[in-house]
Amino acid sequence: MKRRHFIQALGWGTGVAAGGWKSLQKLTSLKSGVGEPLVISTWRVPDSNEAAWQTMMNNGSALDAVVNGVAIDEADPNGSTVGIGGRPDREGQVTLDASVMDHNGNAGSVVYVQGFKHVAALARKVMEETPHVILAGAGAEQFASEQGFKEEDLLTEGSEKAWKKWLEEKNYQPVINIENHDTIGMLAMDSQGHLSGACSTSGLAYKMNGRVGDSPIIGAGLFVDNEVGAATATGLGESILKVAGSAIIVELMRHGYTPQEACEEVIKRISRQKNNKNFQACFIAVNNEGETGAFALQPG
Ligand code: SD4
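Residues numbered from 1 in each chain as written. Predicted model: local features only at pLDDT ≥ 70, side-chain atom pairs only at ≥ 80, totals over all residues. Heavy atoms only, no water.

Overview of the overall build of the chain
A count of helices and strands for the chain gives nine helices and 10 strands. Taking all 300 residues of the chain together, 60% fall into the buried category. A fraction of 69% describes how many contacts in the chain between residues 6 or more apart in sequence connect residues 24 or more apart. When the accessible surface of the chain is summed, it comes to about 12100 Å², and 47% of that surface belongs to carbon and sulfur atoms. (Helix = DSSP H or I, 4+ residues; strand = E, 2+ residues; numbered from the N terminus. Buried < 20%, exposed > 50% of the residue type's maximum accessible area, 1.4 Å probe, protein only. Contact = heavy atoms within 4.5 Å. Areas by Shrake-Rupley, 256 points an atom, 1.4 Å probe, with all protein chains shown as cover.)

Following this line, the structure appears as structure tokens:
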């Protein structure tokens, strides 16, 4: 299989809030075709994409691919919004959220997990080994231990230092495209035309204790319907939750929108929210024919 469909959503376009609706810029649009594998993800994560791609080249499924792909980011201590090294909440606790969905419409997610970095794999275990969809906090951590996941301290020296500096002023003001953004959302289609997705994050830096974002909420940060397509998000979770972003994108595609048009429509709805110049929100999507789309509220 050739590498030509191994793509990365780079260079999010001119946004709605910044330049008015007419200045919308199409970003990534590529048609793969059923039977030709494809991996797309939020942000610039070539190593994660490569891991996902190699998984499928070695006969792994789309689900194997997305879980392996995001695991690279989760294990990178330099990423400040995913897994180890993720920025803590305002109490200094690193709390992770993640979700997965497969081509059969199965879903699993974990929220407010401390001490375990591979939360997308944990969400997969919830999906495959329990009768539930979501496990939270201490229950999710207990389940992680039972499943043999390794417990470790996720607050790196760098994150601790940044948090202590933040404590000096305690000014909660998410900065567009900086500390609050690099959540990984990844979508893959394997050679059988099966779609899967995963989304993994430490959420917003210096969030309130207990805060959960869009990433682990099925339909907000991630949605997959193999009959139609899949979508995933990054950005200010509150803005994405309020429009049930990923599920709506899939529904729009069901009703004839291209993945690009569907991403743009949902960003347009988000652009009507208060303070729309002060936050970022982004989606990527793929339909069941392998056509992709991506759009963001702000440049960057
Ligand atoms: C959240 N959507 O928890 C995530 C944050 C994010 O890159 O995308 N960061 O709101």
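Considering the side chain of Thr95
As for its position among the elements, Thr95 is in the loop between helix H3 (62-74) and strand E2 (96-101). What makes Thr95 buried here is its relative accessible area of 1%. Within polar-contact distance, the side chain of Thr95 engages the side chain of Lys207 at 2.8 Å. What Thr95 contacts, discounting residues up to four positions off in sequence, is Asp89, Tyr112, Val113, Gln114, Thr201, Ser202 and Lys207. (Polar contact = N/O pair within 3.5 Å; in protein donor to acceptor, adjacent residues only side chain to side chain.)

A short note on the sheet that holds strand E10 (residues 292-296)
Within the open sheet, the four strands sit side by side as E7-E8-E9-E10. Their pairing is antiparallel. The sheet is open, and its two borders are formed by strand E7 (222-225) and E10, each paired with just one other strand. Averaged over neighbouring strand pairs, the angle between their axes works out to 10° when direction is ignored. Alignment of strand E8 (residues 229-235) against strand E9 (residues 281-287), held across seven bridges, turns out to be antiparallel. When the bridges of E9 are listed, Ala231 appears paired with Ala285. Along the sheet face, helix H8 (residues 245-254) touches E7, E8 and E9 and points at about 145° away from the line of E8. (Pairing = 2+ DSSP bridges. Axes fitted to C-alpha atoms, helices over the stretch in contact; angles between N-to-C directions.)

Points about unusual backbone geometry
Unusually for a residue other than glycine, Ala244 sits at a positive phi of about 45°. Looking at the element boundaries, Ala244 is found in the loop between helix H7 (237-241) and H8.

A short note on the pattern of salt bridges
Inspection of the entire model under this criterion finds 10 salt bridges. Between Glu128 and Arg124 there is a salt bridge, with the nearest N and O atoms lying 3.1 Å from each other. Of this pair, Glu128 and Arg124 both sit in helix H4 (residues 119-129), four residues apart, which is roughly one turn of that helix. For Glu128, a relative accessible area of 42% corresponds to the partly exposed category. For the salt bridge of Arg254 with Asp225, the shortest nitrogen-to-oxygen distance reads 2.8 Å. In this pair, Arg254 is assigned in helix H8 and Asp225 in strand E7, connecting sequence segments 29 residues apart. Take Asp225: its relative accessible area is 18%, and that puts it in the buried class. Counted as one network, the salt bridges with shared partners bring together Asp64, Arg124 and Glu128. (Salt bridge = Lys/Arg side-chain N within 4 Å of Asp/Glu carboxyl O.)

Overview of the confidence of the model for the chain
Per-chain confidence: the chain averages 89 in pLDDT, with 86% of residues scoring 70 or above. For residues 1-28, every residue scores under 50 in pLDDT, and the model assigns this stretch 94 contacts once sequence neighbours within four places are set aside. (pLDDT = per-residue confidence, 0-100.)

A look at the side chain of Thr234
Here Thr234 lies in strand E8. Within polar-contact distance, the side chain of Thr234 engages the side chain of Trp43 at 2.9 Å.

Observations concerning the environment of Leu155
Looking at where Leu155 falls in the secondary structure, it is placed in the loop between helix H5 (137-146) and helix H6 (157-169). When the C-alpha atoms of Leu155 and Gln114 are compared, they prove to be 9.9 Å apart, with 41 residues separating the residues in sequence. Other than its neighbours up to four places away in sequence, Leu155 contacts Pro88, Gly92, Val94 and Glu160.

A closer look at the sheet that holds strand E5 (residues 184-189)
Judged by pairing direction, the sheet is mixed, and its six strands sit side by side in the order E1-E5-E6-E2-E3-E4 without closing on themselves. Either end of the sheet is taken by a strand with one partner, and the two such strands are strand E1 (38-41) and strand E4 (134-136). Averaged over neighbouring strand pairs, the angle between their axes works out to 10° when direction is ignored. Sheet strands in contact with H3 are E2, E5 and strand E6 (195-201), and its direction is about 155° off that of E5. Where H5 meets the sheet, its contacts fall on strand E3 (107-113) and E4, and the angle it forms with E4 comes to roughly 105°.

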